[in-house]
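Architecture and fold: a report
These are the residues of each chain, in order.
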Amino acid sequence: ATRDWLDAERANLVAVTRHTARYGWPGHAIRLAAILFRYLHDGSHYADVLTVDTSALDAAQLTGDRVAQADAIRRRCGIDFRQGRYRRAIEQLEWVLPIYRDAGEQMGLIRALTNLGVALRATGRYHDALTYHEQAVSLALRVKDQYGLAWATDGLGTCLCRLGRYEEAAEHHQRAISLYSELGENLMRAFALDNLGEDRYRQGRLGEAADCHRWALALNREVDCRFGEASALNSLGRDLRGQGQYELAANHHRQALMLFRAEGHHAGQAEALSGLGDVLAATDRK
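Attention in this report is confined to the structure presented alongside it. (Residues numbered from 1 in each chain as written. Predicted model: local features only at pLDDT ≥ 70, side-chain atom pairs only at ≥ 80, totals over all residues. Heavy atoms only, no water.)

Moving on, we come to the overall build of the chain. Along the backbone of the chain there are 14 helices and 0 strands. For the chain, the succession of helices and strands along the chain, N to C, is α-α-α-α-α-α-α-α-α-α-α-α-α-α. In terms of overall size, the chain behaves like a compact globule, its C-alpha atoms giving a radius of gyration of 19 Å where 286 residues would be expected to give roughly 19 Å. Dimensions of the chain, computed from C-alpha atoms along their principal axes, come out at roughly 65 × 40 × 35 Å. In the chain, which comprises 286 residues, the share counted as buried stands at 54%. Counting 36 positive and 37 negative side-chain charges, the chain places the averaged centre of each group 3 Å from the other. (Helix = DSSP H or I, 4+ residues; strand = E, 2+ residues; numbered from the N terminus. Rg over C-alpha atoms; globule rule 2.2 N^0.38 Å. Buried < 20%, exposed > 50% of the residue type's maximum accessible area, 1.4 Å probe, protein only. Lys, Arg positive; Asp, Glu negative; His and termini not counted. Charge placed at Lys NZ, Arg CZ, Asp CG, Glu CD.)

What follows is the structure, encoded as structure tokens:
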């Protein structure tokens with residue numbers, strides 16, 4: 001019911017955020033942007049995220065609120081990441097870190113550290129990413145930020161996976177899944193399940209990998225996250241290809257490709273096309 005209302009009122013809410021930033025209610029714009037972010041980001045309403053958070057950034061600059069400026073920039077980096085602008089995301093996240101540190105804003109710092117780890121990982125800088133995820137985990141434990149801990153733990157697990165430490169990675173991903181379950185966070189649990197499936201795939205445990213990816217796919221569809229759905233479809237296609245189920249694998253890669261195209265995610269499109277090419281090569285088709 002909440003999502004239905006937000007869908008119906010989305011254009012009005014975006015317009016109100018823009019209007020309040022321009023015409024004398026900067027605090028309203030800042031708070032609206034923070035409230036709307038998860039809905040807009042997870043629903044792949046990227047143009048609206050940029051409009052809303054640019055309005056919040058303008059409002060925060062007007063009031064001199066440095067933490068609110070950092071929050072708006074950090075949220076916009078989520079769109080840069082989703083659309084493959086990793087270096088831009090890294091530069092901006094490196095800029096906001098000292099703002100959070102100077103202000104003693106621990107929760108913002110945990111999220112910025114984790115975001116930076118994610119962006120660095122996407123560019124292949126796994127050891128640098130690992131350092132930031134470890135910092136985020138340590139800080140989240142200290143301030144008892146369960147959501148931040150779950151997210152940082154998940155990111156740490158993915159770094160370990162990329163470094164070939166698969167069983168350690170799986171332990172971290174299982175911990176993240178448990179934390180997200182306790183928080184009732186089905187969307188983020190889906191991403192952690194997708195990551196656990198990656199660990200199992202790299203260990204050659206294809207059946208377990210496929211189970212994780214099917215579960216992740218179902219959860220992403222339940223919460224209507226198209227980016228997560230595309231990622232899970234692509235991963236499941238790879239699992240099925242490894243089990244010799246080529247036609248089904250090709251279908252999953254095609255579905256993933258269509259979703260990644262709709263998202264404007266170039267790296268995801270490349271992965272889906274590569275997976276589809278591997279299926280066609282395995283079946284000697286052109």
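Now for the packing of aromatic side chains. Enumeration over the complete set of coordinates arrives at 5 aromatic pairs. Taking the centre distance of 5.4 Å and the plane angle of 55 degrees together, the rings of Phe-81 and Tyr-86 count as tilted. For the pair Phe-191 and Phe-227, a centre-to-centre distance of 6.3 Å together with 40 degrees between the ring planes defines the contact as tilted. You can see Phe-191 sitting in helix H10 (residues 186-202) and its partner Phe-227 sitting in helix H12 (residues 226-242), a full 36 residues away along the chain. For Phe-227, a relative accessible area of 9% corresponds to the buried category. (Phe/Tyr/Trp six-rings, centres within 6.5 Å; stacked < 30°, edge-to-face > 60°.)

For H12, which comprises 17 residues, the first-to-last C-alpha distance of 24 Å matches the rise-based estimate of 24 Å (1.5 Å per residue) to within 8%. Of all 17 residues in H12, 15 are buried; the element is thus mostly enclosed. In the stretch just after H12, Gly-244 is the one whose phi turns positive, near 80 degrees. (Expected span 1.5 Å × (residues − 1).)

Turning next to the side chain of Arg-121. Mapped onto the elements, Arg-121 comes out in helix H6 (residues 106-122). A polar atom in the side chain of Arg-121 sits 3.4 Å from the side chain of His-133. Here Arg-121 is in contact with Tyr-126, Ala-129, His-133, Gly-155, Thr-158, Cys-159 and Arg-162, once residues within four sequence places are set aside. (Polar contact = N/O pair within 3.5 Å; in protein donor to acceptor, adjacent residues only side chain to side chain. Contact = heavy atoms within 4.5 Å.)

So, on to helix H1 (residues 2-22). Taken as a whole, H1 carries its principal kink of about 65 degrees at Glu-9. Considered for burial, the residues of H1 that qualify are Leu-6, Leu-13, Val-14, Thr-17, Thr-20 and Ala-21. Among the structural elements, helix H2 (26-42) and helix H3 (46-63) are those in contact with the buried residues of H1. Looking one or two residues past H1, Gly-24 carries a phi angle of roughly 100 degrees, positive in sign. (Bend = angle between axes of the 7 residues up to and from the residue.)

Enumeration according to the criterion identifies 18 salt bridges in this entry. For the salt bridge of Glu-198 with Arg-238, the shortest nitrogen-to-oxygen distance reads 2.5 Å. Of the two residues, Glu-198 sits in helix H10 while Arg-238 sits in helix H12, which places them 40 residues apart along the sequence. Residue classification places Glu-198 among the buried residues on the basis of a relative accessible area of 11%. Residue class for Arg-238 comes out buried when judged on its relative accessible area of 18%. Linking Glu-208 and Arg-205 is a salt bridge whose minimum nitrogen-to-oxygen distance equals 3.0 Å. Judged by its relative accessible area of 37%, Glu-208 is partly exposed. Among the residues examined, Arg-205 registers a relative accessible area of 31% and is labelled partly exposed. Three or more residues joined by partner-sharing salt bridges are found here, namely Glu-167, Arg-200, Arg-205 and Glu-208. (Salt bridge = Lys/Arg side-chain N within 4 Å of Asp/Glu carboxyl O.)

A separate point is the nonpolar core. Within the largest apolar cluster, 84 residues are counted, with the highest numbers of intra-cluster contacts made by Val-96, Tyr-100, Tyr-180 and Met-188. It is helix H8 (residues 146-162) that provides the largest number of residues to this core, a total of 9 residues. If we ignore the near neighbours within four places in the chain, the residues touching Tyr-100 are Val-67, Ala-70, Asp-71, Arg-74, Glu-105, Gly-108, Leu-109 and Ala-112. Listed in part, the 6 residues of the second largest apolar core include Ala-21, Ala-29, Ile-30 and Ala-60. (Core = buried A, V, L, I, M, F, W, Y, C linked by side-chain atoms within 4.5 Å.)

With that settled, consider the packing of helix H7 (residues 126-143) against H8. When two helices pack together, their arrangement is given by the angle between the helix axes and the distance between those axes. Where H7 meets H8, the closest approach of the two axes is 8 Å, and the angle between their N-to-C directions is 155 degrees. Relative to H8, H7 is oriented roughly antiparallel. Crossing handedness for the pair H7 and H8: left-handed. Where H7 abuts H8, its residues Tyr-126, Ala-129, Leu-130, His-133, Glu-134, Ala-136, Val-137, Ala-140 and Leu-141 lie against Gly-148, Leu-149, Ala-152, Thr-153, Gly-155, Leu-156, Cys-159, Leu-160 and Arg-162. Class assignment for the residues of the contact of H7 with H8 results in 12 nonpolar, 4 polar and 2 charged. (Axes fitted to C-alpha atoms, helices over the stretch in contact; angles between N-to-C directions. Parallel < 35°, antiparallel > 145°, perpendicular 65-115°, else oblique. Left-handed = near helix turned anticlockwise from the far one by under 90°. Nonpolar A, V, L, I, M, F, W, Y, C, P; charged D, E, K, R; others polar.)

Right, let's get into the side chain of Thr-17. Looking at where Thr-17 falls in the secondary structure, it is placed in helix H1. On the basis of relative accessibility, which here comes to 0%, the residue Thr-17 falls in the buried class. The residues touching Thr-17, leaving out its near neighbours within four places in the chain, are Ala-29, Leu-32, Leu-36, Val-52 and Ser-55.

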